[in-house]
Amino acid sequence: ALADPEDAPADVLRTADSAVRVAKDSANERVAVFSEDQRRTSQRNVRTAETLTRALAGDYIRAWFQPVVSLADGAVVGYESLARLIEPGHAPLAAADFIEVAESTDLVSDIGGRVIDQALDFVGQVKPGQVVGVNASPRQMLRPGFVDDLLALMKDRDVDPQQVAVELTEHTAMRLTHDLVSDMQRLADAGVVILLDDFGTGYSSATLLQELPVRGLKLDASFTRTVTSDPGARRLVKGLAGLASNLGIRAVAEGIETAEQADIVADLGWEFGQGLYFGKPRPPGFARRARPRRVKRG
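Because the structure is a prediction, the values reported are computed rather than measured.

Cut-off values and rules
- Residues numbered from 1 in each chain as written.
- Predicted model: local features only at pLDDT ≥ 70, side-chain atom pairs only at ≥ 80, totals over all residues.
- Heavy atoms only, no water.
- Helix = DSSP H or I, 4+ residues; strand = E, 2+ residues; numbered from the N terminus.
- Buried < 20%, exposed > 50% of the residue type's maximum accessible area, 1.4 Å probe, protein only.
- Contact = heavy atoms within 4.5 Å.
- Axes fitted to C-alpha atoms, helices over the stretch in contact; angles between N-to-C directions.
- Parallel < 35°, antiparallel > 145°, perpendicular 65-115°, else oblique.
- Left-handed = near helix turned anticlockwise from the far one by under 90°.
- Nonpolar A, V, L, I, M, F, W, Y, C, P; charged D, E, K, R; others polar.
- 1 Å grid on protein atoms, 1.4 Å probe; cavity = no way out; pocket = protein on both sides within 12 Å on 5 of 7 lines; lining within 4 Å.
- Points joined across faces, edges and corners; volume = space filled by probe spheres on them.
- Phe/Tyr/Trp six-rings, centres within 6.5 Å; stacked < 30°, edge-to-face > 60°.
- Core = buried A, V, L, I, M, F, W, Y, C linked by side-chain atoms within 4.5 Å.
- Pairing = 2+ DSSP bridges.

J.: Even after reading the chapter, I still don't get unusual backbone geometry, so can you show me in this structure?
T.: If a residue is not glycine, its phi is most likely negative; likewise, a peptide bond is most likely trans. Positive phi is not limited to glycine here, since Asp 158 has a value of about 55°. Mapped onto the elements, Asp 158 comes out in the loop between α6 (146–156) and β5 (164–169). Under the relative-accessibility criterion, Asp 158 is labelled exposed at 72%. Positive phi outside glycine occurs at Asp 198, with the angle close to 55°. Along the polypeptide, Asp 198 turns up in strand β6 (residues 193–199).

Pasting the structure below:
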């Protein structure tokens, strides 16, 4: 980190630490010089962390819900709960705008806890058989008592565990210890649906399917975006659907934004879909009124 004479030593050390993280994250570089772009990013992250701390104190973290539908007839079969920062006087912020900062701190556990709490309330508003999914970050799952607390919350609120899904990304699942894998089995034994999110983006998919009690796959949106133009992507998407079918688990294609994408992934074997084509994430009152949309042509 390059410094001016008037810079405080603590600030220089802080910027050097940021450069170290950049060097470690880079695939090719082992040396990084702290730049103004990094300084702006660092300052923005500090402001975001302050905003999240204020939002937790003011109860501005809300769960919104996006429908998951049957690709055969458009019927709503469940919802995914997504974090939103709803601060008075400001436009709502989606999780993508703050989750990276949250995951670099302990704030993500508190945010996740708020979302789970509201998602379990929402289970009482949906139809029988519909499943409400909650996302679990590595930090949240590694916090002692995560599974015990979730089981206790469902019991206290008389929530049917079969209407709750815990969604793990491949990155999260790779960090699970032996004890946490056992905890995932406890959730599955209680009836909770374990879903592997962002499926196809990592190198450990097959191993995770063997080690975890996975009951569903969620195809990463990057594949959905390319099925209309890339024959290779279509072959891969079809193969992944076949894998889910052979394992007897549900297959959900994420990121569907057009009727064409919906038709193609359905033809390739995906049973369920999620994305803006079927509905944006909405507060609880809006999400439960999501109307079915028929997606199959002919």
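Back to the text.
J.: Explain the side chain of Thr 51 to me, please; I cannot follow it from the model alone.
T.: On the secondary structure map, Thr 51 appears in helix α2 (residues 36–58). Since its relative accessible area comes to 18%, Thr 51 is described here as buried. Excluding its chain neighbours within four sequence positions, the residues that come into contact with Thr 51 are Leu 85 and Glu 87.

J.: What should I look at first to understand the packing of α6 against helix α8 (residues 178–190) in this one?
T.: When two helices pack together, their arrangement is given by the angle between their axes and by how far apart the axes lie. Close contact between α6 and α8 brings their axes to 9 Å; oriented N to C, the two are set at 15°. The orientation of α6 relative to α8 falls into the category roughly parallel. Our pair here, α6 against α8, has a crossing hand that is right-handed. Side by side, α6 and α8 meet where Val 147, Asp 148, Leu 150 and Leu 151 of the first sit next to Asp 183, Met 184, Arg 186, Leu 187 and Ala 190 of the second. In terms of residue class, the contact of α6 with α8 is built from six nonpolar, no polar and three charged.

J.: Looking at this model, I keep getting lost on empty space enclosed by the protein. Mind explaining?
T.: If a probe as big as a water molecule is rolled over the atoms, it shows which places are left empty. As enumerated under the stated definition, the model contains one cavity of 30 Å³ or more in all. Roughly 120 Å³ of internal volume is contained in the largest cavity. Surrounding the largest cavity, 14 residues form its lining, Val 68, Tyr 79, Val 131, Leu 195 and Arg 250 being those nearest its centre. Looking at the lining of the largest cavity element by element, the count peaks at four residues for strand β2 (residues 76–85). Its residues assigned to classes, the lining of the largest cavity shows eight nonpolar, two polar and four charged.

J.: Before we go on, may I ask you to explain the packing of aromatic side chains in this structure?
T.: The geometry of an aromatic ring pair is captured by the separation of the ring centres together with the interplanar angle, meaning the angle of the planes. Within the structure shown, the criterion is met by three aromatic pairs. Where Tyr 277 meets Phe 278, the ring centres are 5.1 Å apart and the plane angle is 70°; that geometry is what we call edge-to-face. Pair check on accessibility: Tyr 277 and Phe 278 agree, each one buried. Each residue in the set Phe 65, Tyr 79 and Phe 122 is aromatic and connected to the rest through ring pairs, giving one cluster.

J.: Just checking my understanding: could you explain the nonpolar core for this structure?
T.: Inside soluble globular proteins, nonpolar side chains tend to come together where they are buried. The biggest cluster of nonpolar side chains holds 72 residues, and the ones touching the most others in it are Val 166, Leu 168, Met 184 and Trp 270. In terms of residues, this core owes the most to one element, helix α4 (residues 107–123), which gives nine residues. If sequence neighbours within four positions are ignored, Leu 168 has contacts with Ala 136, Met 141, Leu 176, Met 184, Ile 194, Leu 195, Leu 196, Asp 197 and Leu 212.

J.: Teacher, can you tell me more about the pairing of strand β7 (residues 216–219) here?
T.: Note on strand geometry: in a regular strand, side chains alternate between the two faces of the sheet. Both faces of β7 are covered, namely the face carrying Gly 216 and Lys 218 and the face carrying Leu 217 and Leu 219. Note: β6 against β7, three bridges, orientation parallel. Bridge pairing links Leu 196 to Leu 217 in β7. Relative to strand β8 (residues 250–253), β7 runs parallel, the two sharing four bridges. Each bridged residue has a counterpart across the sheet, and for Leu 219 the counterpart in β8 is Ala 253.

J.: Is there a simple way to think about the layout of surface pockets in this case?
T.: Within this model, the largest pocket holds a volume of roughly 1200 Å³. Lining the largest pocket we find 43 residues, and of these Glu 80, Leu 82, Ala 95, Ile 99 and Asn 135 sit closest to its centre. For the lining of the largest pocket, the per-class residue count stands at 16 nonpolar, 13 polar and 14 charged. Estimates place the volume of the second largest pocket at around 880 Å³. Every element with two or more residues in the lining of the second largest pocket is listed here: α1 (9–25), α2 and α3 (99–103). Considered class by class, the residues forming the lining of the second largest pocket number eight nonpolar, 10 polar and nine charged.

These values are about where atoms sit, not about what they do.
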